[in-house]
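# Summary of structural features
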Amino acid sequence: MALVLVLMVSVVYLNSLGNGFVDLDDDLYVFNNPDISLETSTALGNLLKSFYVGNYHPLTMLSLALNYAISGFDPWSYHATNVLLHLANTVLVMVLFLQLGLGQWSAFALALLFGVHPLHVESVAWISERKDVLYSFFYLGAMCLYFASLQSDRKKLFLTLITLASLLAMLSKPMAITLPLVFLLLDCQARRPLSFKLILEKLHYFIMSLFFGGLALFSQSSGEALSYLNISILDRFVLLAYSLMFYFVKLVLPYKMSVYHFYPDKIGGWLPVSVYLSLPGLVLIALGLYFLRVNKKEVIGGILFFLVTISITLQIVPFGAAIVAERYTYIPSIGLFYAGVVLFQQAVKNAGQRSGMLRNAILALLLVYFLFLGVSTHQRNKAWKDSHTLFSDIIDKYPDNAYGYLLRSNARIKQKDYRGALYDSEKALERDDELKKAYINRGICQGQFKNFAAALADFDKALVLDPTEVEAFNNRGVVKALMNDYTGAISDFNRTIELDARNANAYKFRGNAHLYKRDFKRAIDDFNTAISLSPIDEDAFEKRGFAYFQLGNNQAACYDWQRAAQLGSTKVAPFLKKYCQP
C-alpha cells in the first residue's frame, strides 16, 4: 500500500519539478547566498553557525548546499528533494497511524489526505520551505520511534534514536520544539497515566526544546524577523479565534490559497463581521464534538495534537504582515485529519447500519473529495512556477493590498522589466503611501529611464520614512554615479557600509566609483572585499580585472576576466581574446 500511496502523491506533485526559484527567500537562502557554494574557507562554518532570514536551521542549509553541489543554480534538484521528503513524510504518517491502531485503509486514507492536500503545496513547492519537509521527516520519525519504544524492551537503543531524531528535527526548524508535548500525547494514546515520573523521563527533550526555542527567538529578533504590531488585547483574542477557524475551514475546504494571508482591515474601528463570528464558530464546533457519539479520546487527541503543534505559530503577540500561513499546517494538520478520519469511520458505520446504499454514497463522496484535493494541489503547484506567477496570485487574491504589487515589482526589477516594475510600485503606493520599499523600487526604475531627479526624490522619501534604510542609500549612490557625481556616490556607499558592513554590492559599487575616479588601488580594495563577501559575483571580478589592467598588472587582470567568464560573464570575451592569449 505504501507504494500505491507514493505513486498517487507523486502524480499530484510531478508538475512542481519544472518550477523555478522565486524571489521570496529563495534568493537569500540559495542564489544570492555565497555560503551555499562552499567555495570559501568560512562557508561551511557559516552554514553551521549563522542565522539565515532570521532563523537558525543548519541542517536545512547543509541540505541546500548539497543541492547546489548536485545541480548548481538549476532548481530541479531542490524541487526533487522537497518532493522526495514529502513522499517519505507521507509514508511515515501512514506508519504512525498504523501504530496508533487505525485500520490499514483508514491509515492509508489519512496519509493520502496529508499527501495530496493543497494547503501543503507551500511547504513542498517552495524551495525555501525545505526546512518544513526536512524537520517533519525527523519529527515524524521521532514520533514513530517513540511509540515503538513503548512496546519494546530495547529502551536504551530507542532512547538514543529518538534523541537523535529530535535533535535533527530541531536543527532543521524550530517548530520541532513541540516534540516533548507530543510525546506526552502519545503516552495518553498508549494509556500511560500522566504523572510526574512520565514528565521527568522527558526532561532532556524539554531542555533541548527550551534551548532551541530561545535560540529561535534570539535569531528572529537579531534578524529583524519580529516586527510587532500594536493591536489591542481584545482584538488579539478575536484574531486568535479567527486564525484557528481559518485553519479548521481551509483544511476541510481549501480555497483562496495564497502565500500571504494578511491581517483583516479595521473599518470604523471594527474588524470584519467574519472575524467576530469565529468565536461562536469555535464554540459550536466544541459543542458538536461534545454531543457526538464517538470515541472522544481519539478525536480529542487529534485536536490536542493540532493545538500543541500549531501553538507556536499563532500570533498571540502579533508581528509581521501575515496573520496565518498555509505552511504552518504541514505537521499540525495531521491531528485534525486523525480526528476527521475517526469521525468519518463512525459516519460510515452508522450509515451502513441504516442502508448499504447510503454507505456507498458516502464512500463515493470521499473519492470525489480526494480527487478534488489532488486536482487542487496539481493546479496550486502552477502558482509556484516563478516569481511573477506567485506574486500575481497574491494580487488576484488580495487586489486591495499593496504587498503583492511590491513583491512583483521586486521580481520585475530583477528581470529588468523596469516598465512593469514602475507600474507595480505605483500601484503599491496607491494602496500604501508610506511603503518605503515601493519608493525605492520606483526610484530604481526612474534611474533606469534616466529620470534622475525623480529617482533621487524617491530615495530621499524612503530615507525620510526610515533614515537607516540601507537600500535607499545604496541605490541613491548608484544614481549619483550615473550622474557623474562620484564623490556624492561614494558618500552614500560609505553610509551603506556603515549600516551594513557585509553588503557586497555597496563595496562593489564604491569600487566602481573609485574606478571612474581613476583611484585604482582603492577600487581594488573594495572589489577584494566584495568578492570575499560574494565569491560568485562575476561583475566584481570583471571590474577588478579592469582596475588591475589600468595598473599594468595584466596577469591579475586576465585571471579575474577568466574567473568572470567561468561565472557566466560574456562582456570579458573581447579582453580575454586581445590581452590574455598565450
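Report on the accompanying structure. Along each chain, the written sequence defines residue order, and numbers are assigned to residues from 1. In view of the model being predicted, local features appear only for residues whose pLDDT reaches at least 70, and side-chain atom pairs are presented and counted only at 80 or more, with totals across whole chains, interfaces and linings using the full set of residues. Heavy atoms throughout the structure, all of them, feed into the side-chain values; hydrogens and water do not.

## Re empty space enclosed by the protein
Put simply, the grid is 1 Å and covers the protein atoms alone, a cavity is a trapped set of points that fit a 1.4 Å probe, a pocket is an open set with protein on both sides within 12 Å along at least five of seven lines, and lining residues have an atom within 4 Å of a point. Grid points are joined across faces, edges and corners, and a volume is the space filled by probe spheres set on the points. Applying the stated rule across the entire model yields three cavities of 30 Å³ or more. Size it by volume and the largest cavity reaches roughly 150 Å³. Taken together, 15 residues line the largest cavity, and the ones lying closest to its centre are Leu-100, Met-143, Leu-186, Phe-305 and Tyr-338. We count a stretch as a helix when DSSP gives it H or I for four or more residues in a row; a strand needs E for two or more, and each element gets its number in order from the N terminus. Examining the composition of the lining of the largest cavity, we find that four residues originate from one element, helix 10 (residues 179–189), more than from any other. Basically, the charged four are Asp, Glu, Lys and Arg, the nonpolar ten are Ala, Val, Leu, Ile, Met, Phe, Trp, Tyr, Cys and Pro, and anything else, Gly included, counts as polar. Split by residue class, the lining of the largest cavity holds 11 nonpolar, four polar and no charged. Lining the second largest cavity are Arg-236, Leu-239, Leu-240, Ser-243, Tyr-263, Gln-315 and Ile-323. Broken down by element, the residue count for the lining of the second largest cavity peaks at four residues, all from helix 13 (residues 233–252). Among the residues forming the lining of the second largest cavity, the class breakdown is four nonpolar, two polar and one charged.

## With respect to the pattern of salt bridges
Any Lys or Arg side-chain nitrogen located within 4 Å of an Asp or Glu carboxyl oxygen qualifies as a salt bridge. Using the criterion set out here, one finds 34 salt bridges in the structure. Here Asp-460 and Arg-476 are joined by a salt bridge, their closest N and O atoms 2.8 Å apart. Of the two residues, Asp-460 sits in helix 23 (residues 452–465) while Arg-476 sits in helix 24 (residues 470–482), which places them 16 residues apart along the sequence. Residue classification places Arg-476 among the buried residues on the basis of a relative accessible area of 15%. For Lys-508, the salt bridge identified is with Asp-539, shortest N-O distance 3.5 Å. You can see Lys-508 sitting in helix 26 (residues 504–516) and its partner Asp-539 sitting in helix 28 (residues 538–550), a full 31 residues away along the chain. Each residue is placed in one exposure class: buried if its accessible area under a 1.4 Å probe, protein chains only, is under 20% of its type's maximum, exposed if it is over 50%, and partly exposed if it falls in between. Taking relative accessible area as the criterion, Asp-539 reaches 17% and is therefore assigned buried. Via salt bridges that share partners, Glu-122, Glu-129, Lys-131, Asp-132, Lys-173 and Arg-327 belong to a single interconnected network.

## What about the packing of helix 28 against helix 29 (residues 554–566)?
Angles here are taken between N-to-C directions and fall from 0 to 180 degrees, while the axes themselves are lines fitted to C-alpha atoms, restricted in helices to the stretch in contact. As a packed pair, helix 28 and helix 29 sit with axes 8 Å apart at the nearest point and diverge in direction by 165°. Classified by the angle between their axes, helix 28 and helix 29 sit roughly antiparallel to one another. Two packed elements cross with a definite hand, and for helix 28 against helix 29 that hand is left-handed. Side by side, helix 28 and helix 29 meet where Glu-538, Phe-541, Glu-542, Arg-544, Gly-545, Phe-546, Tyr-548 and Phe-549 of the first sit next to Asn-554, Ala-556, Ala-557, Asp-560, Trp-561, Arg-563 and Ala-564 of the second. Of the residues in the contact of helix 28 with helix 29, the class split is eight nonpolar, two polar and five charged. In what follows, roughly perpendicular refers to angles from 65 to 115 degrees, roughly parallel to angles under 35, roughly antiparallel to angles over 145, and oblique to any angle outside these ranges. Two helices crossing with the near one rotated counterclockwise from the far one by less than a right angle form a left-handed crossing, whereas a clockwise rotation gives a right-handed crossing. The contact criterion used is simple: two residues touch if any of their non-hydrogen atoms lie within 4.5 Å.

## Side note on the layout of surface pockets
Computed from the structure, the second largest pocket encloses a volume of approximately 1200 Å³. Looking at the lining of the second largest pocket, the elements that each hand over two or more residues are helix 6 (104–116), helix 13, helix 15 (278–291), helix 16 (296–310), helix 17 (333–354) and helix 18 (356–383). Looking at the lining of the second largest pocket element by element, the count peaks at nine residues for helix 17.

## Concerning a nonpolar patch on the surface
Patches in this entry comprise residues that are over 30% relatively accessible and not in a salt bridge; like charges within 9 Å are linked, as are nonpolar side chains (Val, Leu, Ile, Met, Phe, Trp, Tyr) within 5 Å. Where accessible areas are quoted, they stem from the Shrake-Rupley method and a 1.4 Å probe; at the residue level, only the protein chains shown are allowed to cover. Residues Val-249, Val-252, Leu-253, Tyr-255 and Phe-372 make up a contiguous nonpolar surface patch of about 450 Å² in total accessible area. By the secondary structure assignment, Leu-253 is in the loop between helix 13 and strand 1 (261–262).

## Looking at the nonpolar core
Among the nonpolar cores identified, the biggest contains 106 residues, and Leu-24, Phe-97, Met-143 and Trp-384 are the most heavily contacted of them. Counting residues per element, this core draws most heavily on helix 8 (residues 130–149), at 11 residues. Sequence-distant contacts of Met-143, that is, excluding residues within four places in its chain, are made with Leu-96, Leu-179, Val-182, Phe-183, Leu-186 and Phe-305. In this text, buried Ala, Val, Leu, Ile, Met, Phe, Trp, Tyr and Cys residues form a nonpolar core when linked through side-chain atoms within 4.5 Å.

## Some remarks on the state of the cysteines
The term disulfide is used for any two cysteine sulfur atoms that are within 2.5 Å. A full pass over the atoms with the stated rule returns one disulfide. Between the sulfur of Cys-558 and that of Cys-580 lies a disulfide, 2.0 Å long from S to S. One disulfide, between Cys-558 and Cys-580, carries an S-S torsion of -90° and so falls in the left-handed class. With Cys-558 in helix 29 and Cys-580 in the segment after helix 30 (573–579), this residue pair connects regions lying 22 residues apart in the sequence. Across the pair, Cys-580 and Cys-558 agree in class, each one buried.

## Structural notes on the packing of aromatic side chains
Any Phe, Tyr or Trp ring, taking Trp's six-membered ring, that has another such ring centre within 6.5 Å forms a pair; planes under 30 degrees apart are called stacked, those over 60 apart edge-to-face, and the others tilted. All told, the structure shown has 31 aromatic pairs when counted by the stated rule. Each ring, one from Tyr-260 and one from Phe-262, has its centre 5.7 Å from the other, and the planes form 5°; the classification is stacked. Between the aromatic rings of Phe-549 and Tyr-579, the centroid separation amounts to 4.6 Å while the plane-to-plane angle is 55°, which identifies the pairing as tilted. Within this pair, whereas Phe-549 is found in helix 28, its partner Tyr-579 is found in helix 30, the two being separated by 30 residues in sequence. Residue Phe-549 is classed as partly exposed on the basis of its relative accessible area, which comes to 24%. Taken together, the ring pairs connect Phe-546, Phe-549, Trp-561, Phe-575 and Tyr-579 into an aromatic cluster. Cation over ring: Lys-256 sits above Tyr-398, and NZ or CZ is 4.4 Å from the ring centre. Charge over a ring is defined by NZ of Lys or CZ of Arg lying within 6 Å of the ring centre and within 35 degrees of the ring normal. Positioned above the aromatic ring of Phe-541 is the side chain of Arg-563, whose terminal nitrogen or guanidinium carbon lies 5.9 Å from the ring centre.

## Description of the side chain of Asp-132
Assignment of secondary structure puts Asp-132 in helix 8. Here Asp-132 falls in the buried class, since its relative accessible area comes to 1%. When near neighbours in sequence (up to four residues on either side) are disregarded, Asp-132 contacts Ser-123, Lys-173, Arg-327 and Tyr-330.

## What to know about unusual backbone geometry
A positive phi angle, near 45°, is found at Lys-256, a position not held by glycine. For Asn-484, which is not glycine, the phi dihedral falls at a positive 70°. Inspection of the secondary structure puts Asn-484 in the loop between helix 24 and helix 25 (486–499).

## A few points about helix 1 (residues 2–13)
What a helix is expected to span follows from its residue count: subtract one and scale by 1.5 Å. Here helix 1 is 12 residues long and its end C-alpha atoms lie 17 Å apart, about the 16 Å a rise of 1.5 Å per residue gives. Along helix 1, the residues classified as buried are Leu-5, Val-9, Val-12 and Tyr-13. For helix 1, the buried positions fall inside an angular range of 90° around the axis, keeping them on one side. With respect to the buried face of helix 1, the exposed residues turned more than 90 degrees away are Leu-3, Leu-7 and Val-11. For this quantity, the arc is that covered by the directions from the helix axis to the C-beta atoms.

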